[in-house]
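These are the residues of each chain, in order.
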Amino acid sequence: MVRRKAGAPWWPFGRRSAEPEPEPEVSYWRGEGVSGRPRIEIALGEQKLRYYKGDQLVGESPVSTGREGFQTVVGRFAICEKDLDHESSLFGDYVDAEGKVVQGDVDARKDPRPAGTRFDGADMRWFMRITGATGMHAGYLPGFPASHGCIRLPAEMAEIFFRETPMGTPVVILP
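All values reported here derive from a predicted model rather than from experimental measurement. (Residues numbered from 1 in each chain as written. Predicted model: local features only at pLDDT ≥ 70, side-chain atom pairs only at ≥ 80, totals over all residues. Heavy atoms only, no water.)

1. Thoughts on the overall build of the protein chain
Our working definition: Per the convention used, a helix needs a DSSP run of H or I reaching at least four residues, while a strand needs a run of E reaching at least two, with both numbered from the N terminus. For this analysis, residues touch if any pair of their heavy atoms sits within 4.5 Å. Areas reported here follow the Shrake-Rupley algorithm with a probe of radius 1.4 Å; residue values treat only the protein chains shown as occluding.
The secondary structure content of the protein chain amounts to one helix and 11 strands. Ordered by position from the N terminus, the helices and strands of the protein chain form the series β-β-β-β-β-β-β-β-β-β-α-β. Here the analysis covers contacts within the protein chain between residues at least 6 apart in sequence; of these, 58% occur between residues at least 24 apart. As presented, the protein chain carries roughly 10600 Å² of accessible surface, and 52% of it is formed by carbon and sulfur atoms.

In structure tokens:
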């Protein structure tokens, strides 16, 4: 427990204003024991995923979607593939024989592979494909769109959604 002297400001040392910290992004799951057909809604403008069973909102998570030049597609889709230990065949790193990164964040279709390296696809654990090369999976969330078009989720939420989502579940991606 942190103790303050009476009358001391509540804000951290070095700050000159009493403005509160921004609220952290919140993830939650309240779907255990709830019946109803699942559906997923992703709001790109909010960088937020909402998970419903029937008409009841049972889960919510921040996401990181496609950055400029790699925008996440908008529309109505359905989960068409699930892969627990998916690795990207398009994006990743070129690594040497010891596994050290020689060239990072490469697009295997465009970036020539340096001699003596191999392609190491980006880890996309708990992957659920919605269309083409686009899916939802565990990944880094910097707080803004940063992916190559996929919908990145916090690992704990990606695992829950993967477990709870049957093939064919509707997914709506809104602007």
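Picking up after the structure, the text goes on.
2. What to know about unusual backbone geometry
The cut-off we apply is this: Throughout, exposure labels follow a simple rule: accessible area from a 1.4 Å probe, protein chains only, divided by the maximum for the residue type, with under 20% read as buried, over 50% as exposed, and the rest as partly exposed.
One non-glycine residue with positive phi stands out, namely Gln-47, at about 55°. Its place among the elements puts Gln-47 in the loop between β2 (38-43) and β3 (48-53). Take Gln-47: its relative accessible area is 9%, and that puts it in the buried class. In the Ramachandran plot, Trp-126 falls in the positive-phi region, its phi being about 60° despite a non-glycine side chain.

3. With respect to the environment of Gln-56
Along the chain, Gln-56 falls in strand β4 (residues 56-62). Since its relative accessible area comes to 44%, Gln-56 is described here as partly exposed. In this structure the C-alpha to C-alpha distance between Gln-56 and Gly-31, which are 25 residues apart in sequence, comes to 9.0 Å. Setting aside chain neighbours within four positions, we find Gln-56 in contact with Val-34 and Tyr-51.

4. Considering the packing of aromatic side chains
Here a ring pair, both rings aromatic, is described through the centre-centre distance and the interplanar angle of the planes. Cut-off, in case you're wondering: Only Phe, Tyr and Trp rings take part, Trp by its six-membered ring, and two of them pair if their centres are within 6.5 Å. Stacked means planes under 30 degrees apart, edge-to-face means over 60, and tilted covers everything else. Cation placement over rings: the criterion is NZ of Lys or CZ of Arg within 6 Å of the ring centroid and within 35° of the ring normal.
This structure, assessed with the given rule, holds five aromatic pairs. Each member of the aromatic cluster is reached from another via a ring pair, and the members are Trp-29, Tyr-51 and Phe-161. Cation over ring: Arg-39 sits above Tyr-52, and NZ or CZ is 4.0 Å from the ring centre. The residue whose ring lies beneath Arg-125 is Trp-126, and the NZ or CZ to ring-centre distance is 4.6 Å.

5. Remarks on the confidence of the model for the protein chain
As a reminder of what qualifies: Confidence of the predictor in every single residue is expressed as pLDDT, which spans 0 to 100.
Here the protein chain averages 89 in pLDDT, while 86% of its residues score no lower than 70. Scored below 50 in pLDDT, residues 1-23 shows eight contacts in the model against residues more than four places distant or in partner chains.

6. A word on the environment of Glu-164
Position of Glu-164 relative to the elements: it lies in helix α1 (residues 155-164). The spatial distance from the C-alpha of Glu-164 to the C-alpha of Pro-38 is 8.3 Å, given a sequence separation of 126 residues. Look past the residues within four positions of Glu-164 in its chain and what remains in contact with it is Trp-29, Glu-32, Tyr-51 and Lys-53.

7. Considerations on the sheet that holds strand β7 (residues 101-107)
The line we're drawing: Pairing between two strands requires that DSSP report at least two bridges joining them. Every axis corresponds to a line fitted to the C-alpha atoms, with the helix fit spanning only the stretch in contact, and the corresponding angles, defined between N-to-C directions, vary from 0 to 180 degrees.
Strand order in the open sheet formed by five strands is β7-β6-β8-β9-β10, and the pairing between neighbours is mixed. Each having just a single partner strand, β7 and β10 (151-153) make up the two edges of the open sheet. Here the strands of the sheet are splayed against their neighbours by 45° on average, with no regard to which way each runs. Alignment of strand β6 (residues 81-95) against β7, held across four bridges, turns out to be antiparallel. Of the residues in β7, the one forming a bridge with Phe-91 is Asp-107. Against the sheet, α1 contacts β6, β8 (118-131), β9 (134-138) and β10, and its axis sits at roughly 50° relative to β8.

8. Considering the sheet that holds strand β11 (residues 170-174)
Strand order in the open sheet formed by six strands is β1-β4-β3-β2-β11-β5, and the pairing between neighbours is mixed. Of all strands in the sheet, those bounded by a partner on one side alone are β1 (28-29) and β5 (75-78). Of the pairings in the sheet, the one linking β3 to β4 comprises six bridges and is antiparallel in character. Paired with Lys-53 across the strands is Gln-56, a residue of β4.

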